[in-house]
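# Chain and residue survey
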Amino acid sequence: MLTDILLLAFAGLMVAAAFSDAVRFTIPNWLCGVIAAGFPLVAVAAGLGWADAGLHVLAGFVALVFGFALFAPGWIGGGDAKLIAAAALWMGWTDLAAFAFHTALAGGVLVLLLIGIRRMVPVFDLPAGWVARTAIAEGAPVPYGIAIAAGALWTLPGSTLFAAV
């Protein structure tokens, strides 16, 4: 029961991160911290051994290094890099490749949607505000937290952590 609650909390926090990134183009540090801090609770509740928990931590660390390698040239934001690491902690080493693949696919779809919206918005003369900031602003960032959350939620049901519950 506790593991079910923790997995639902993880899903809810990932949705909250995606929403925050979509609306404000930021993912709060406290949100990434809560996601990461929830992993030890689910690891104990799911009965993960030290070796399995260590592989989850390794996945989180590798994802953090990868995320900051993407952040350094400005390809993703710092919140995105931290969210990737926090989510990878939950996915673990065995599901890290699936998580990366799902996130990349979701990111590709997101970018294609944004390109389409950015081309169509001037035609329909939509009002200013959030739509203008996300859709038509010159050089507007891509809220990649949406893709990270989608990748995590897509991977979670088939993950070894989910199977352990």
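Before reading on, note that the structure itself is shown above.
Here the residue numbering is sequential within each chain, running from 1 through the sequence in written order. The model is predicted, so local features are restricted to residues of pLDDT at least 70 and side-chain atom pairs to those at 80 or more, both for listing and for counting; the totals for chains, interfaces and linings are taken over all residues. Hydrogens are left out, water is left out, and the side-chain values use all remaining heavy atoms of the structure.

## Re the packing of helix α2 (residues 29-46) against helix α4 (residues 78-91)
Fitting a line to C-alpha atoms yields each axis, with helices limited to the stretch in contact; the angle taken between N-to-C directions then spans 0 to 180 degrees. Per the convention used, a helix needs a DSSP run of H or I reaching at least four residues, while a strand needs a run of E reaching at least two, with both numbered from the N terminus. Axis separation between α2 and α4 bottoms out at 9 Å; the angle between their running directions is 10°. Relative to α4, the element α2 is oriented roughly parallel. Contacts between α2 and α4 pair Asn-29, Cys-32, Ile-35, Ala-36, Gly-38, Phe-39 and Val-42 from the former with Gly-79, Lys-82, Leu-83, Ala-86, Ala-87, Leu-89 and Trp-90 from the latter. Side-chain classes are defined by residue name, with Ala, Val, Leu, Ile, Met, Phe, Trp, Tyr, Cys and Pro counting as nonpolar, Asp, Glu, Lys and Arg as charged, and the others, Gly among them, as polar. Across the contact of α2 with α4, the residue classes tally to 10 nonpolar, three polar and one charged. Angle categories are assigned with fixed cut-offs, so that under 35 degrees is roughly parallel, over 145 is roughly antiparallel, 65 to 115 is roughly perpendicular, and the rest are oblique. The contact criterion used is simple: two residues touch if any of their non-hydrogen atoms lie within 4.5 Å.

## Focus: the packing of helix α1 (residues 2-24) against α4
Two elements in contact, α1 and α4, have axes whose closest approach is 12 Å; the angle formed by their N-to-C orientations is 165°. Between α1 and α4, the crossing angle belongs to the class labelled roughly antiparallel. You can see that α1 and α4 cross each other, and the crossing is left-handed. In contact with Leu-6, Leu-7, Phe-10, Met-14, Ala-17 and Asp-21 of α1, α4 contributes Asp-80, Leu-83, Ala-87, Trp-90 and Met-91. Each residue belonging to the contact of α1 with α4 can be placed in one class, and the counts come to nine nonpolar, no polar and two charged. Left-handed describes a crossing whose near helix is turned anticlockwise from the far helix by less than a right angle; the clockwise case is right-handed.

## Quick word on a nonpolar patch on the surface
On the surface, a nonpolar cluster with roughly 530 Å² of combined accessible area is contributed by Leu-55, Leu-58, Phe-61, Val-62, Val-65 and Trp-93. Relative to the assigned elements, Val-65 resides in helix α3 (residues 50-71). Put simply, a patch holds well-exposed residues, over 30% relative accessible area, that have no salt bridge, with like charges counted together within 9 Å and Val, Leu, Ile, Met, Phe, Trp or Tyr side chains within 5 Å. The method behind every accessible area is Shrake-Rupley, applied with a 1.4 Å probe, and residues are considered shielded solely by the protein chains displayed. Salt bridges are identified by distance alone: a Lys or Arg side-chain nitrogen within 4 Å of an Asp or Glu carboxyl oxygen.

## Quick word on the nonpolar core
The biggest cluster of nonpolar side chains holds 39 residues, and the ones touching the most others in it are Phe-10, Met-14, Leu-83, Trp-90 and Phe-99. Residue assignment for this core shows that the elements contributing at least two residues are α1, α2, α3, α4, α5 (96-124) and α7 (145-155). Here this core gets nine residues from one element, more than from any other, and that element is α4. Residues in contact with Leu-83, not counting those within four places in the same chain, are Met-14, Ala-17, Ile-27, Cys-32, Ile-35, Gly-145 and Ile-148. Within this scheme, the nonpolar core is defined by two criteria: the residues are buried Ala, Val, Leu, Ile, Met, Phe, Trp, Tyr or Cys, and they are joined through side-chain atoms within 4.5 Å. Here's how the labels work: a residue is buried when its accessible area is under 20% of the maximum for its type, exposed when over 50%, partly exposed in between, all with a 1.4 Å probe on protein chains only.

## Section: the packing of aromatic side chains
Stacked, edge-to-face and tilted labels apply to pairs of Phe, Tyr and Trp rings (six-membered ring for Trp) whose centres lie within 6.5 Å, assigned for plane angles under 30 degrees, over 60, and everything in between, in that order. Overall, the coordinates contain three aromatic pairs when judged by the stated rule. With a centroid separation of 4.5 Å and an interplanar angle of 20°, the aromatic rings of Phe-10 and Trp-90 are classed as stacked. With a gap of 80 residues between them, Phe-10 in helix α1 and Trp-90 in helix α4 connect regions that are remote in the sequence. Under the relative-accessibility criterion, Phe-10 is labelled buried at 1%.

## As for the side chain of Ser-20
Its place among the elements puts Ser-20 in helix α1. Take Ser-20: its relative accessible area is 3%, and that puts it in the buried class. With sequence-adjacent residues up to four places away left out, Ser-20 is seen in contact with Phe-25, Thr-26, Ile-27 and Pro-28.

## Observations concerning α4
Its 14 residues give α4 an end-to-end C-alpha distance of 20 Å, which sits within 8% of 20 Å, the value for a rise of 1.5 Å per residue. Most of α4 is tucked away: 13 of the 14 residues are buried. At the exit of α4 stands Gly-92, carrying a positive phi of roughly 85°. Helix span, expected: 1.5 Å multiplied by one less than the number of residues in the helix.

Read these as geometric descriptors, not functional statements.
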